[in-house]
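Breakdown of the fold
For reference, the chains in residue letters:
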Amino acid sequence: MARTKKVDTTQAVAGRSPWRLGWDRFRFNRVAMVSLGISIFFFLVAYLSSPILAILNLDPYAMDRSAIDLDNFNNPIGPWGGISTVHWLGVEPGVGRDVFARLIIGARTSITIATVTSVLSISIGMVIGLIAGYFKGRVDEAIGRIIDLLLAFPTFFMLIAIARPMAERLQVALGVDDKNIATIILLVVLLTIFGWAGLARLIRSDVLSLREREFVLAAESLGASHGRIIFKELLPSLWPKAIIFLSLSLPGFLTTEAALSFLGIGIQEPMPSWGVMLEMAVAKAYTVPTYFLIPATTLIILVTALNLVGTGVSDAFDPKLERNQ
Amino acid sequence: MTEPILSITDLQMYFPVMKTGLRTVKTGDVKAVDGISLDVMQGETLGLVGESGCGKSTAGRAAIRLLNPTGGKIVFEGQDITNASRRELRPLRTRMQMVFQDPYSSLNPRHTVGRIIAAPFEIQGVKPEGGIKKAVQELMERVGLNPEHYNRYPNEFSGGQRQRIGVARSIALRPSFIVLDEPVSALDVSIQAQVVNLLDDIQKEFKLSYLFVAHDLSVVRHISDRVAVMYLGHIMEITDRDTLYAAPQHPYTQALLSAVPLPDPIAESQRERILLQGDLPSPINPPSGCVFRTRCVFAQDLCAVDMPELREVAPGHKIACHFPQISLQKQIEIRRPHSDQPMPPSSIQVDRPQTSGPASGRDFVGE
């Protein structure tokens, strides 16, 4: 008896954390795992785009005159938008830049904007939501009204109205040569300002119920400070929600960036981004459909994959919400 | 033994009732605790009993200033802590602790057991000899947990084990006083005894004083030296354990005790039971005079007008009642002739005052 007991304890001393339990559930969700793989693949390709292009000896800005037919409206030579062993995804009509190079460099731009904006708005949303839910009363009331205002605000129209002139001013203020740098910073800032409110509201309502749990009272009875209760007792329970929100807001910001660039108020030529590529491609959608379909499909695949990861994460961390799989 | 470690005088704890609309207006108060006074002596266990919603847990929480009392005075170890700020209370938190009712909600599910029991040391900046980890493992051993389970999470423990974790956390800083807020009511009966015995042992070892909040009369009888009975935010009766269980004088205490079933089925079927009619009145709008009068079998006109003070009827025995009932049996005999209702064979109906007394509808049923 004593012998078996000893074996048992040494084998299972380290506990399974709620993270571990969530991951174990996530692992058995095949759709979510595949989506996670796709998302990671996209991120890797985007952030390794420079070395990849160096190895392949491609340049997103280089114009390959030999790949376009100067007699046929400068359309790419060959079927499928000029797909060949040199240009894997064809070349751009008109100028002959490599589509693959532009796609993965553009992915880096688009993904960076989406990731930075998501992380910033999640950080702000979590802190503000925690403060509103924890302190309740007047603080909550004031924050609640600000959130109402931000959520009711027609963000997109405001971005259309002010993004261009503000980007120009910011460029002057920062003294940078490339206007796109100013645009990226501006987009991140503006999208963050309007992006944190939704999560803050979610977190607030979670905190309102969480703070009534007795472990908060227990921390208080030990003399814990507000900061300790907020960041050490309450915050760990909110990470799953933040991760779900991240995987849902990433595709959101990805499409917003693409839409803004598409409308000509985001990233501008010649810097590639998925929105810029779509904007360029729309005019040629009928003559060179491949050129349009490639960035569009890529965007759809990544957005769908990220959304499915989000669903998988929320399933994994909320076992009560049992789905038939 | 003579100095009270905690002295509460006329403690009031009101929660505002807000009506939300365009403007949030206060429409009243939930008088959860409405003027209670009690002393907890060095080394004793004071049981605080009452039915659900009578304010006993609120009183326990207010006693160690987890709530800001509306009125009254709380003196802990000679120091007035009624209006002490968070900062002033901080050092005192090492002296007074609490064990919570729900072992599933009182432990943070995202922290390991080691981290939970180490929290008191971290928060108070105490560096125990031999390091925090060693101290935590000693505590785990002391409360009957395997110290090797240091890195496990609360979800891997049973209710009883979780409550042991809660006890370990509360004794980590060697307090002198612990509020036990229904520490065993969420546990299986077989586990209850183990935890109660653990609390008993720890009390002897660390010379602790307990305020034991509970609704289970048999558990309170087991652990308490003195018992206070609460009803709707007021203390009805307070005395030493043996007197309370053997010769209660307040009608409410008598009703409460008669609700405890007897283990002997024959005795059980033959005994008199007082069944209280109706529900606990709303603490937002408590009855005038004595709060218990609406359900009291013995209520008279006076009870609706004048609120009885907690007065001493014998040394160390205080009750808040105008008409203390010396003996249950005797009272029934006195009351019987007054009733002109035909008596059904299986039940005796008492006290249907036709001419005087407050509202009727209180039955006295027995076999």
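Above: the structure in question.
This report concerns the structure included in the present document. (Residues numbered from 1 in each chain as written. Chains lettered and ligands numbered in written order. Predicted model: local features only at pLDDT ≥ 70, side-chain atom pairs only at ≥ 80, totals over all residues. Heavy atoms only, no water.)

**As for the packing of helix α4 (residues 49-56) of chain A against helix α6 (residues 99-135) of chain A**
Residue and element names in this part refer to chain A. One way to put it is that α4 packs onto α6 with a least axis distance of 9 Å and a crossing angle of 165°. Viewed along their axes, α4 and α6 adopt a mutual orientation that is roughly antiparallel. Considering the relative orientation of α4 and α6, their crossing is left-handed. Facing α4, whose interface residues are Ser-49, Ser-50, Ile-52, Leu-53 and Leu-56, α6 presents Phe-100, Ala-101, Ile-104, Ile-105 and Arg-108. Each residue belonging to the contact of α4 with α6 can be placed in one class, and the counts come to seven nonpolar, two polar and one charged. (Axes fitted to C-alpha atoms, helices over the stretch in contact; angles between N-to-C directions. Helix = DSSP H or I, 4+ residues; strand = E, 2+ residues; numbered from the N terminus. Parallel < 35°, antiparallel > 145°, perpendicular 65-115°, else oblique. Left-handed = near helix turned anticlockwise from the far one by under 90°. Contact = heavy atoms within 4.5 Å. Nonpolar A, V, L, I, M, F, W, Y, C, P; charged D, E, K, R; others polar.)

**Re the sheet that holds strand β11 (residues 311-314) of chain B**
Residue and element names in this part refer to chain B. Read from one edge to the other, the open sheet built from eight strands follows the order β6-β7-β8-β3-β9-β10-β12-β11, with strand pairing classed as mixed. Of all the strands in the sheet, just β6 (96-99) and β11 have a single pairing partner and so form its edges. Adjacent strand axes in the sheet meet at a mean angle of 20°, parallel and antiparallel pairs treated alike. Where strand β10 (residues 234-240) and strand β12 (residues 317-319) come together, two bridges link them in antiparallel fashion. (Pairing = 2+ DSSP bridges.)

**Remarks on the sheet that holds strand β5 (residues 79-80) of chain B**
Residues and elements named next belong to chain B. The four strands lie next to each other as β2-β1-β4-β5, forming an open sheet whose pairing is antiparallel. A single partner strand is all that each edge strand has here, and the edge strands are β2 (25-41) and β5. Note: strand β1 (residues 4-19) against strand β4 (residues 71-76), five bridges, orientation antiparallel. Residue Leu-6 lies in a different strand from β4, and its bridge partner there is Phe-76. Those strands touched by helix α1 (residues 56-63) are β1, β2 and β4, and its axis lies near 115° from that of β1.

**What about the interface of chain A and chain B?**
On the side of chain B, 35 residues touch chain A, which itself brings 31 residues to the contact. Buried surface at the junction of chain A and chain B, both sides included, amounts to about 2900 Å², of which 51% is carbon and sulfur. Applying the counting criterion to the chain A and chain B interface returns two salt bridges. Glu-122 of chain B is the salt-bridge partner of Arg-228 of chain A, the closest N and O atoms lying 3.1 Å from each other. Connecting chain A to chain B are 12 residue pairs in polar contact (both at pLDDT 80 or more). When contributions to the side of chain A that touches chain B are tallied by element, the ones reaching two or more residues are α1 (2-11), α2 (18-27), α10 (214-221) and α11 (226-262) of chain A. Among the residues forming the side of chain A that touches chain B, the class breakdown is 15 nonpolar, nine polar and seven charged. (Buried area = accessible area lost by both parts, 1.4 Å probe. Salt bridge = Lys/Arg side-chain N within 4 Å of Asp/Glu carboxyl O. Polar contact = N/O pair within 3.5 Å; in protein donor to acceptor, adjacent residues only side chain to side chain.)

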